[in-house]
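Architecture and fold: a report
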Amino acid sequence: MTNEQSLQVPLDGLFLSPIPPWGTSVLVLRPEGASHEVLLLRRGGVWSPPAVTRLPDEPVANCARRALDEIAGLHLPIWPIADADPQWTIFVATAREELFVRPGNGYDAYEWVGLAEAQTRCSELVSQTLQLVA
């Protein structure tokens with residue numbers, strides 16, 4: 001392992017993968033009329049979909065499932081979004097019914113909001129990601 005590939009420790013205290021993708025986000029969507037709502041969770045006043053950094057040698061799909069479990073307490077089928085950023089992967093999950101969301105890992109609240117509202121609440125990078133499913 002070279003100096004550029006040395007393991008780094010992000011805020012969650014776990015080792016970060018030395019190679020991309022660095023982590024993953026899961027856009028959890030549920031039908032709402034003719035459109036969709038997206039699940040957002042709040043941590044430190046910041047809203048985002050479930051997301052975690054990838055552990056060394058962790059398969060990307062496992063990272064996405066871990067994000068759903070640790071951040072929202074959910075177990076849903078997931079699939080990747082094509083043409084997403086190779087540095088950070090994006091998955092989508094569909095909730096077809098009312099779910100019991102259990103915020104964890106420092107997240108203290110959640111809301112289901114329309115895609116336009118989600119784009120205004122989230123960072124610019126997350127807002128761009130949400131456009132992929134809008």
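Residues numbered from 1 in each chain as written. Predicted model: local features only at pLDDT ≥ 70, side-chain atom pairs only at ≥ 80, totals over all residues. Heavy atoms only, no water.

1. Concerning the overall build of the chain
Defined as follows: Secondary structure elements are defined from DSSP: runs of H or I of at least 4 residues count as helices, runs of E of at least 2 residues count as strands, and each element is numbered from the N terminus. Each residue is assigned to one of three classes by its accessible area relative to the maximum for its type, calculated with a 1.4 Å probe on protein chains only: buried under 20%, partly exposed between the two thresholds, exposed over 50%. Residue contacts are counted whenever heavy atoms from the two residues lie within 4.5 Å of one another. With residues, only the protein chains shown are counted as cover, and all accessible areas are computed by Shrake-Rupley using a 1.4 Å probe.
Across its full length, the chain holds three helices and seven strands. When its helices and strands are written in sequence order, the chain yields β-β-β-β-α-β-β-β-α-α. Within the chain, the proportion of its 134 residues that are buried is 43%. The long-range fraction of contacts in the chain, counting pairs at least 24 apart against all pairs at least 6 apart in sequence, stands at 64%. Looking at the chain as shown, the accessible area adds up to about 7,400 Å², and 54% of this sits on carbon and sulfur atoms.

2. Regarding the nonpolar core
Going by this rule: Nonpolar core, defined: a set of buried Ala, Val, Leu, Ile, Met, Phe, Trp, Tyr and Cys residues in which side-chain atoms within 4.5 Å join the residues together.
Counting 21 residues, the largest nonpolar core has V26, V28, L39, L68 and L74 as the members making the most contacts within it. Elements represented by at least two residues in this core include exactly β1 (23–32), β2 (35–43), α1 (60–72) and β6 (88–94). Among the elements that line this core, the one with the most residues is α1, at six residues. In this view, V26 contacts P49, P50, A64, A67, L68, I78, F91 and A93; residues no more than four positions away in its chain are not counted.

3. Brief notes about the pattern of salt bridges
Spelled out, the test is: Note on definitions: salt bridges are taken to be side-chain nitrogens of Lys or Arg within 4 Å of carboxyl oxygens of Asp or Glu.
The full count for this structure, using the stated rule, is seven salt bridges. The partner of R66 in a salt bridge is E58, with the nearest N and O atoms 2.9 Å apart. Given a relative accessible area of 10%, E58 falls into the buried group. Through salt bridges that share partners, E58, R66 and E70 make up one connected network.

4. What to know about the confidence of the model for the chain
The test is simple: What pLDDT expresses is the predictor's confidence in each residue, scored from 0 to 100.
Mean pLDDT over the chain: 83, with 84% of residues reaching 70 or higher. Mean pLDDT values for the elements of the chain range from 74 in helix α3 (residues 124–131) up to 95 in α1. Across residues 1–7 the pLDDT falls below 50, and counting only partners more than four positions away or on other chains, this stretch makes eight contacts in the model.

5. A short note on α3
Think of an α-helix as 3.6 residues a turn; residues three or four steps apart then line up on the same face. What counts, and what does not: The arc in question is the one spanned by the directions pointing from the helix axis to the C-beta atoms.
Within the span of α3, buried status applies to V126, S127, T129 and L130. Axial view of α3: buried residues confined to an arc of 160 degrees, hence all on one face. For α3, the exposed residues lying more than 90 degrees away from the buried face are E124, L125 and Q131. Where α3 is buried, its residues contact β1, β2, β6 and α2 (115–121).

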